[in-house]
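Structural characterization, general
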Amino acid sequence: MSLTLLFRLSSKEIYMQKYSLFSLARNALTGHKNWQKAWRSPPLRDEYEIIIIGAGGHGLATAYYLAKEFGITNVAVLERGWLGGGNVARNTVTVRSNYLRDQSIPFYVKSVNLYEGLTKDLNFNMMHSKRTMVDVVLNYPKMRDLRRRQLTMDIYGSTYKQITVDQVRKIIPALTGGGPESRLPIIGGMVHKDAGVNRHDAVAWGYARAADALGVEMHQQTAVTSLLRANNGGIKGVETVKGTVKAKKVIVAVSGHTTSLTETVGLRLPLRTMNLTAFVSEPIKPIVDVIVNCSDLGFYFSQSDKGELVIGGAPDSGQSFRRDIKQHIFEDTVGAMLELFPAFKKLKLLRQWGGHLDIAPDASPIMDETSVSGLYVTAGWWGGYKAIPAGGLTMAHHVATNSPHSLMQAFSYNRFKNLDYILETGTTTAR
Amino acid sequence: MLLIKCPFCKNRNETEFVYGGPVGANRPDPTRASDEEWVDFLTMVPNPTGPVHERWWHARGCGEWFIICRDTVTHEILETPIEKS
Ligand SMILES: Cc1cc2nc3c(=O)[nH]c(=O)nc-3n(C[C@H](O)[C@H](O)[C@H](O)COP(=O)(O)OP(=O)(O)OC[C@H]3O[C@@H](n4cnc5c(N)ncnc54)[C@H](O)[C@@H]3O)c2cc1C
Ligand SMILES: [Zn+2]
């Protein structure tokens, strides 16, 4: 019996191969043929304590924290396609906490903090690169609005600071447009020092690998076709393409497809699904070391470690379940970027793609148990990549303890009953 | 880009139009509606993977507001709108 197997049998935890310089060197000697699989693929059982639908960032993070913080490991994550093939791998990896409302800011501050420690926590290199985000502002009402945001952020330990036009140009030398002759000259900027970018695949794979090592099961190619209710009205499991799976608690973490699933048990939610897109340029030498955001013109970008500019713009206006990009949205975004960065007109653009996300009327998430007892949703994630660590942690807390975590309490499903909106439209690309 | 059929100007490029949101339930009588009905009207919209009714405004054209029925998966605009329930 091999040592690894002994380890597996003797410990409740399943052995996780540690990634280190040493393991890299050792595996290089054997031609990298002996790396352990990052997660197992066990057969699907017919019952679990908890089922999580969707192996995106939120589903996987919830699974990990359920196991790590609450010792709940009889959990299956059911994924329609492949693990980390949804929006978690389609976004522009901007991690930040410059939100507007008292209910939101502490949640995002926590998430940014967790991200900064995630490489160590998961023993997986997140390539987290803390870098400033600069909002480039072209009109005075917007500047007033952002300064008001700053005052709220000050209370909750996030940072925002106004800078002058000269300072904007000093931080971003490539920004040569927006001068006094342009139709909308730059009037200043806001600096958010806590922002950063990291590697989205690492987030999905890192959480999956760590959750797997604690006993959680990953099941890819296992689409859930409907939810199942017991006679008492509560949840009793799910129907999948591989058969029925029972569980007393089911968490819907399917970003974009939430209503398609909840409607199978007659549950309506105030969500609609929209398409958001991004594209990248050819790799170039380091030219911009901050995240540039200009919502007045409608674009943002950052430069990846590979040198590509990762660029995003506004969503497609109508409801959409598509993952491609409309030509005019692409052109509008490029046009907006060239207003401020005319030199970029020489760049070749390499790839373009999109994702579909659901959004609530106030653009804030819904993380709650629903009116179907035992059925939880984590949904309405528009700019929800930055929220993955705090979203997973607080969702796990809610499901494990039957009471909401203080950081996510406000994102309840019942807030709409009193029209208690946590209005965050405008703090993301949502309009 | 969609080719949207304005009732007056016929097929025009999507960029001439402004999206006006999905068509939800009819506005209930505010003096009679219960709180639940009112909240429902304000917050709920259909979100199908398939045909949905939506409003568009021919803002950079004749100015007309009208409703089309568009598939949220294929983007196809259906000539004969589905029956609204
Ligand atoms: C172009 C773009 C740019 C973005 N930029 C940013 C950004 O810069 N910063 C930021 O914070 N956020 C950003 N976002 C938003 C962010 O990506 C999402 O809010 C977040 O990833 C959603 O949560 P998730 O990771 O759990 O979703 P996903 O990764 O989409 O996970 C959901 C999973 O559920 C699966 N699924 C669906 N239906 C079923 C079913 N019936 N059965 C089983 N599985 C199912 C899907 O296949 C998918 O894998 C961006 C999104 C897009 C599209
Ligand atoms: Zn017209």
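Residues numbered from 1 in each chain as written. Chains lettered and ligands numbered in written order. Predicted model: local features only at pLDDT ≥ 70, side-chain atom pairs only at ≥ 80, totals over all residues. Heavy atoms only, no water.

This part is about the overall build of chain A. The helix and strand inventory of chain A stands at 11 helices and 19 strands. Taken against the 2.2 N^0.38 rule, which gives 22 Å for 431 residues, the C-alpha radius of gyration of chain A at 22 Å falls within 12% of a compact globule. Considered along the principal axes of its C-alpha atoms, chain A spans approximately 70 × 60 × 40 Å. In chain A, which comprises 431 residues, the share counted as buried stands at 58%. (Helix = DSSP H or I, 4+ residues; strand = E, 2+ residues; numbered from the N terminus. Rg over C-alpha atoms; globule rule 2.2 N^0.38 Å. Buried < 20%, exposed > 50% of the residue type's maximum accessible area, 1.4 Å probe, protein only.)

The subject of this paragraph is the coordination of the zinc ion (ligand 2). When four donors bind a metal tetrahedrally, each ideal donor-metal-donor angle is 109.5 degrees, and when six bind octahedrally, the ideal angles are 90 or 180 degrees. Residues and elements named next belong to chain B. For the zinc ion (ligand 2), the full set of protein donor atoms is Cys-6 (SG), Cys-9 (SG), His-58 (ND1) and Cys-62 (SG), at a range of 2.0 to 2.3 Å. For the zinc ion (ligand 2), the four donor atoms are set out with angles of 104 to 123° between them, so the coordination reads as tetrahedral. Motif for the zinc ion (ligand 2), donor spacing along one chain: C-x2-C-x48-H-x3-C. One end of the pair, Cys-9, is in the loop between strand S1 (3–6) and strand S2 (10–13); the other, His-58, is in the loop between strand S4 (51–57) and strand S5 (65–71), and 49 residues separate them in sequence. Residue class for Cys-9 comes out partly exposed when judged on its relative accessible area of 29%. Judged by its relative accessible area of 1%, His-58 is buried. (Donors = N, O, S within 2.8 Å, 3.2 Å for Na, K, Ca; no water. Tetrahedral: all angles 85-135°; square planar, octahedral: opposite > 155°, others 65-115°.)

Our focus in this paragraph is a nonpolar patch on the surface. On the surface, Leu419(A), Tyr421(A), Leu423(A) and Leu42(B) cluster together into a nonpolar patch covering about 300 Å² of accessible area. Among the secondary structure elements, Leu423(A) is positioned in the segment after helix H11 (388–401). Exposure remark for Leu423(A): the relative accessible area of 33% places this residue in the partly exposed category. (Patch = residues over 30% accessible without salt bridge, like charges linked within 9 Å, V, L, I, M, F, W, Y side chains within 5 Å. Areas by Shrake-Rupley, 256 points an atom, 1.4 Å probe, with all protein chains shown as cover. Salt bridge = Lys/Arg side-chain N within 4 Å of Asp/Glu carboxyl O.)

Moving on, we get to the sheet that holds S5(B). All names here are of chain B. Ordered in space as S3-S4-S5, the three strands form an open sheet in which the pairing is antiparallel. Edge positions in the open sheet fall to strand S3 (18–22) and S5, since each of these has one partner strand only. Going from strand to strand, the sheet's axes swing by 35° on average, the running direction of each strand aside. The pairing of S3 with S4 spans three bridges and is classified as antiparallel. Looking across to S4, one finds that Val-18 is bridged to Trp-57. (Pairing = 2+ DSSP bridges. Axes fitted to C-alpha atoms, helices over the stretch in contact; angles between N-to-C directions.)

Residues and elements named next belong to chain A. All chains considered together, the criterion is met by 15 salt bridges over all chains. For Lys-68, the salt bridge identified is with Asp-121, shortest N-O distance 3.5 Å. Note that Lys-68 is positioned in helix H3 (residues 57–70) and Asp-121 in helix H5 (residues 118–122), a separation of 53 residues in sequence. Residue Lys-68 is classed as partly exposed on the basis of its relative accessible area of 39%. By relative accessible area, Asp-121 is classed as partly exposed at 32%. What you see here is one network of salt bridges that share partners, running through Lys-68, Glu-69 and Asp-121.

What follows concerns the packing of H3(A) against H11(A). Residue and element names in this part refer to chain A. Interaxial distance between H3 and H11 falls to 7 Å at its minimum, and their mutual angle equals 55°. In terms of orientation, H3 lies oblique with respect to H11. Every pair of crossing elements has a handedness; the one defined by H3 and H11 is right-handed. Residues Gly-57, His-58, Ala-61, Thr-62, Tyr-65, Leu-66, Glu-69 and Phe-70 of H3 form the contact with H11, whose own contacting residues are Ile-388, Pro-389, Gly-391, Gly-392, Leu-393, Met-395, Ala-396, His-397, Val-399, Ala-400 and Thr-401. Each residue belonging to the contact of H3 with H11 can be placed in one class, and the counts come to 11 nonpolar, seven polar and one charged. (Parallel < 35°, antiparallel > 145°, perpendicular 65-115°, else oblique. Left-handed = near helix turned anticlockwise from the far one by under 90°. Contact = heavy atoms within 4.5 Å. Nonpolar A, V, L, I, M, F, W, Y, C, P; charged D, E, K, R; others polar.)

Residues and elements named next belong to chain A. When cut into domains, chain A gives domain 1 (6–125 + 199–269 + 362–418) and domain 2 (133–197 + 273–359). Inter-centroid distance (C-alpha atoms) of domain 1 to domain 2 is 29 Å. Between domain 1 and domain 2, the residue contacts involve 30 residues of the former and 31 residues of the latter. Of the roughly 2700 Å² buried between domain 1 and domain 2 on both sides combined, carbon and sulfur atoms contribute 57%. Contact with domain 2 buries surface across domain 1, with Arg-90, Asn-98 and Trp-382 losing the most and accounting together for 28% of the total. Here domain 1 is connected to domain 2 by zero salt bridges. In this structure, the connection of domain 1 to domain 2 is made through 16 residue pairs in polar contact (both at pLDDT 80 or more). At the level of secondary structure, the elements contributing two or more residues to the side of domain 1 that touches domain 2 comprise helix H4 (105–116) and helix H9 (258–262). In terms of residues, the side of domain 1 that touches domain 2 owes the most to one element, H4, which gives five residues. Its residues assigned to classes, the side of domain 1 that touches domain 2 shows 12 nonpolar, 13 polar and five charged. (Domains from an automatic or database assignment. Buried area = accessible area lost by both parts, 1.4 Å probe. Polar contact = N/O pair within 3.5 Å; in protein donor to acceptor, adjacent residues only side chain to side chain.)

Let us now look at the confidence of the model for chain B. Residues with a pLDDT of 70 or more make up 93% of chain B, whose mean pLDDT is 92. If you check the scores for this complex, the pTM reads 0.95 and the ipTM reads 0.93. (pLDDT = per-residue confidence, 0-100.)

Below, the discussion takes up the interface of chain B and chain A. If you look at the interface, chain B gives 24 residues, while chain A gives 23 residues. In this assembly, chain B packs against chain A so that about 2000 Å² is buried in total across both faces, 54% of it on carbon and sulfur atoms. When the area that chain B buries against chain A is broken down by residue, the three leading residues are Thr43(B), Met44(B) and Asn47(B), summing to 30%. Summed over the shared surface of chain B and chain A, the result is two salt bridges. A salt bridge links Asp40(B) to Arg268(A); the nearest nitrogen and oxygen atoms lie 3.1 Å apart. Mapped by element, the contributors of at least two residues to the side of chain B that touches chain A are S3, helix H1 (35–43) and S4 of chain B. Ranked by residues supplied to the side of chain B that touches chain A, first place goes to H1(B) with four residues. When its residues are assigned to classes, the side of chain B that touches chain A shows 13 nonpolar, seven polar and four charged.

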